[in-house]
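Commentary on secondary and tertiary structure
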Amino acid sequence: MFLAACATPQEQPQQVLEPDDGGTIQLDARRITKELGGSSQDMYGYNGQVPGPLIRVRQGSTLFVNFTNDLEEPTTIHWHGLRHDVKDDGVPGVSQEPVPPGGSFLYELRFPDEGIYWYHPHVREDRQQDLGLYGNILVLPAENAYAPVEHEEFLILDDILLENGRIVPHGHDGANFALMGRYGNTLLVNGKERYNLTVSQGETVRFYVTAAPNARPFNITFGAPIKRIGGDLGRYEREEYVDSLVIAPAERYIIEVTFDDPGTYLLRSVNPWTSYDLGEITVAQGMERSSPRETRVHPDVIADIDRYRGEFNRTPDMVLRLGVDLRMHGGMHAGMHSVLPIEWEDTMQEMNRHADARQAAWFIEDETGARNMNIMRHFTQGDVVKIRIINDAHSDHPMQHPIHLHGQRFLVIEQDGVRSGNLVWKDTVLVPAGSTVDLIADLSNPGEWMIHCHIAEHVEAGMMAMISVAPHAAER
Ligand code: C2O
Ligand code: CU
């Protein structure tokens, strides 16, 4: 039938791609129809999939991605967390021109670090990523760094804002919801409203968890202890048990959960205001095993970090303050509220919905008073620098910001004067309102790189700055 022939194709099942070292994969961005909230939604998918294909590669390998843009708007792909060449970083106006509708671009990716990564557009993330453009890359350690487990699962956490069964429209010329970012009211795991897994009693599942929402922070629980193994760029110094896992937009964690008892375990996201059921793990009766609660230490990770410990006490090389200038009718000042370290929910939805980037002018400001893209700090490859980020409790609207540095790795050594006793290399750090964090950044990768808030509406509103890393003299 004519109508059927014209209709946007349905979402496709997720592929797993395991390219060889030096291999090439095809990726496109296209429109799809996807069932959510009981009706068909017009959304986007990489190769028609939400999440996009899971790409599994070995640490140290190279991959070519032949990308085609089948959308009706320009886009790029940013490979979040990779310390690869800046020409492949996918940032429009910085590393490449946006790929126009019908155009293509060949990305060459390198994977120097183990860990769980993700890819997403770097054009109108508030709309393109929200409509389904995101996927994972698993970089397997060169040697087997993880304990054997019965199952490996990938959880991409997301949310979407539905009203009367439809996705609330995104701003046409720029992001709406620019005040707090767009908090969805329907939570998604791997693009679905419910997650399901069946395992046998006593089995252990390694979950690779990625947060891909525009703004919402998650705090997930399984009804069982969570063994935290890794963060953005691989393993922690030491494995540790936690009851719940806070994960902000763009962060990743590697965790293991052992399901000791037959029955049903709920995967939930809980916060002081409300809790969400994300899905369930059904545990079939099996062999009773008492799982030993052992945690491992990773001497190779510790030894790598040891090379940087001498720099932990240096004075900050760069101090960044996070804030906003609100220019809103009937504008509201933070002074009227007590400051919450984390806004788990959108507490001012009407005001937020109508806020654009002019009204909510988010900024990163350095010691000199320069703001956003007027900040361009110069360093040299091999520099180890301390970056202090102060999330101003007295700005017009204090709230948490997940701050991401492209193309490099850093350690979050201190928050509010408390040193971390267990480090992991990261590329994104959640800075709660009123908090100060100190990062030790390993500027190993030459190029011009962004540092920005990963709330999609905040980056759209300009909350981004640059650092420039000149190549080492020997490599010039
Ligand atoms: Cu995942 Cu510049 O972003
Ligand atoms: Cu922000």
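Read on for an overview of the structure. (Residues numbered from 1 in each chain as written. Chains lettered and ligands numbered in written order. Predicted model: local features only at pLDDT ≥ 70, side-chain atom pairs only at ≥ 80, totals over all residues. Heavy atoms only, no water.)

1. A short note on the overall build of the chain
For the record, the criterion: For the purposes of this entry, the term helix denotes a DSSP run of H or I that reaches at least four residues, the term strand denotes a run of E that reaches at least two, and both are numbered from the N terminus. Throughout this description, buried means an accessible area under 20% of the type-specific maximum (1.4 Å probe, protein chains only), exposed means over 50%, and partly exposed covers the range between. Contact definition: two residues touch when any of their heavy atoms are within 4.5 Å. Calculation of accessible area relied on Shrake-Rupley with a 1.4 Å probe; when residues are assessed, cover is drawn exclusively from the protein chains displayed.
When helices and strands are tallied, the chain shows 5 helices and 34 strands. Considering only C-alpha atoms, the chain reaches an extent of 65 × 60 × 50 Å along its principal axes. Looking at the chain as a whole, 60% of its 476 residues are labelled buried. Of the contacts made within the chain by residues no fewer than 6 positions apart, 77% connect residues no fewer than 24 positions apart. When the accessible surface of the chain is split by element, carbon and sulfur atoms take 50% of a total near 18,300 Å².

2. Digging into the coordination of the copper ion (ligand 2)
Filter applied, for reference: Shown as donors are all N, O and S atoms within 2.8 Å of a metal ion, widened to 3.2 Å for Na, K and Ca; because water is not in the atom set, sites may appear incomplete.
The coordination sphere of the copper ion (ligand 2) contains the protein donors H401 (ND1), C453 (SG) and H458 (ND1), at a distance range of 2.0 to 2.1 Å. Mapped onto the polypeptide sequence, the residues donating to the copper ion (ligand 2) form the spacing pattern H-x51-C-x4-H. A residue pair is termed long-range when its members are at least 10 positions apart, and H401 in strand β27 (residues 401-405) and C453 in strand β33 (residues 447-453) qualify at 52 residues. A residue is classified by how much of its surface remains accessible, and C453, at 0% relative accessible area, is buried.

3. Looking at helix α3 (residues 299-309)
Condition: Starting at the helix axis, one direction is taken to each C-beta atom, and the arc is that of these directions.
Those residues of α3 that fall on the buried side of the exposure criterion are V301, D304, I305 and Y308. Down the axis of α3, the smallest arc covering the buried residues is 90°, so these residues share one side. Along α3, the residues that are exposed and aim more than 90 degrees away from the buried face are P299 and R307. For α3, the elements touching its buried residues are β18 (234-242), β26 (383-391), β28 (409-415), β30 (425-426) and β32 (436-443).

4. A few points about the packing of aromatic side chains
Two measures describe an aromatic ring pair: the distance that separates the ring centres and the angle between the ring planes. Note the threshold: Here is the rule: rings of Phe, Tyr and Trp (six-membered ring for Trp) pair when centre to centre is within 6.5 Å. Planes less than 30 degrees apart are stacked, more than 60 are edge-to-face, and the remainder are tilted.
Scanning the entire structure with this criterion turns up 8 aromatic pairs. With a centroid separation of 5.5 Å and an interplanar angle of 70°, the aromatic rings of W79 and Y107 are classed as edge-to-face. Remark: Y107 occurs in strand β7 (residues 104-110) and W79 occurs in strand β6 (residues 78-80); sequence separation between them is 28 residues. A relative accessible area of 0% means that W79 is categorised as buried.

5. Examining the nonpolar core
To keep it simple, the criterion reads: Definition used in this section: a nonpolar core is a set of buried Ala, Val, Leu, Ile, Met, Phe, Trp, Tyr and Cys residues joined via side-chain atoms within 4.5 Å.
Grouped together as the largest cluster of nonpolar side chains are 49 residues, with contacts concentrated most on W79, I137 and L411. In terms of residue count, strand β2 (residues 23-36) provides more of this core than any other element does, 5 residues in total. Leave out the neighbours within four places in its chain, and W79 touches L27, V65, H84, D88, D89, Y107, L109, W118, Y119 and I137. Core analysis: the next-biggest nonpolar cluster, separate from the first, contains 43 residues, M180, A215, V429 and A465 among them.

6. Focus: the sheet that holds strand β16 (residues 218-221)
Which entries qualify depends on this criterion: One bridge is not enough; two strands pair if DSSP finds at least two bridges between them. Between N-to-C directions, angles span 0 to 180 degrees; the directions come from axes that are lines fitted to C-alpha atoms, helices contributing only their stretch in contact.
Spatial ordering of the open sheet is given by β14-β22-β21-β16-β19, a layout of 5 strands whose pairing is mixed. Edge positions in the sheet fall to β14 (195-200) and β19 (245-247), since each has one partner strand and no second. On average, adjacent strands in this sheet sit at an angle of 25° to one another, irrespective of strand direction. The pairing of strand β21 (residues 263-270) with strand β22 (residues 275-284) spans 8 bridges and is antiparallel. For L266, the partnering residue across the bridge sits in β22 and is E280.

7. Details of the pairing of strand β17 (residues 226-231)
By the criterion of burial, β17 is predominantly enclosed, with 6 of the 6 residues buried. Counted along the chain from β17 to the antiparallel partner β18, the turn is 2 residues long. Pairing of β17 with strand β20 (residues 252-259), which is carried by 3 bridges, proceeds in the antiparallel orientation. Counted as the bridge partner of G230 is I254 from β20.

8. As for the sheet that holds strand β9 (residues 135-140)
Picture the strands of a sheet paired through backbone hydrogen bonds; they go either parallel or antiparallel. Ordered by their spatial adjacency, 5 strands build an open sheet running β1-β4-β9-β8-β6, and the pairing between neighbours is mixed. The open sheet has two edge strands with one neighbour each: β1 (16-17) and β6. Looking at chain direction, β1 and strand β4 (residues 54-58) are connected through 2 bridges and run parallel. By the bridge assignment for β4, L17 is matched with I55.

9. Focus: the side chain of R206
Worth spelling out the cut-off: N or O atoms within 3.5 Å of each other form a polar contact, as long as, within protein, one can give a hydrogen and the other can take it, and as long as residues adjacent in sequence are counted only when both atoms are side-chain atoms.
Of note, R206 is situated in strand β15 (residues 203-211). A residue is classified by how much of its surface remains accessible, and R206, at 6% relative accessible area, is buried. Of note is the side chain of R206, whose polar atom sits 2.9 Å from the side chain of E256. If sequence neighbours within four positions are ignored, R206 has contacts with Y146, A147, V149, H151, E152, E153, I254, I255 and E256.

10. Focus: the pattern of salt bridges
Just so we agree on the cut-off: In what follows, salt bridge is the name for a side-chain nitrogen of Lys or Arg lying within 4 Å of a carboxyl oxygen of Asp or Glu.
Applying the stated criterion across every chain, the model contains 49 salt bridges. The partner of R296 in a salt bridge is E239, and the shortest N-O contact between them spans 3.7 Å. Here the residue R296 occupies a position in the loop between β22 and α3, and E239 occupies one in strand β18, the gap between them amounting to 57 residues. For E239, a relative accessible area of 6% gives the class buried. Among the salt bridges present, the one from D304 reaches R307, with a minimum N-O distance of 2.8 Å.

11. Concerning the side chain of S61
Along the chain, S61 turns up in the loop between β4 and β5 (62-69). Relative accessible area serves as the criterion here: at 8%, S61 is assigned to the buried category. Engagement of the side chain of S61 in a polar contact is seen with the backbone oxygen of R58, the distance being 2.7 Å.

12. Re the pairing of strand β8 (residues 115-120)
Among the 6 residues of β8, 6 are classified as buried, and the element is accordingly described as predominantly covered. Burial along β8 is two-sided: G115, Y117 and Y119 facing one way and I116, W118 and H120 facing the other are all buried. By the bridge criterion, 3 bridges tie β6 to β8 in an arrangement that is antiparallel. For W79, the partnering residue across the bridge sits in β8 and is Y119. Pairing geometry for β8 and β9, over 5 bridges, is antiparallel. Counterpart to G115 in the pairing with β9 is V139.

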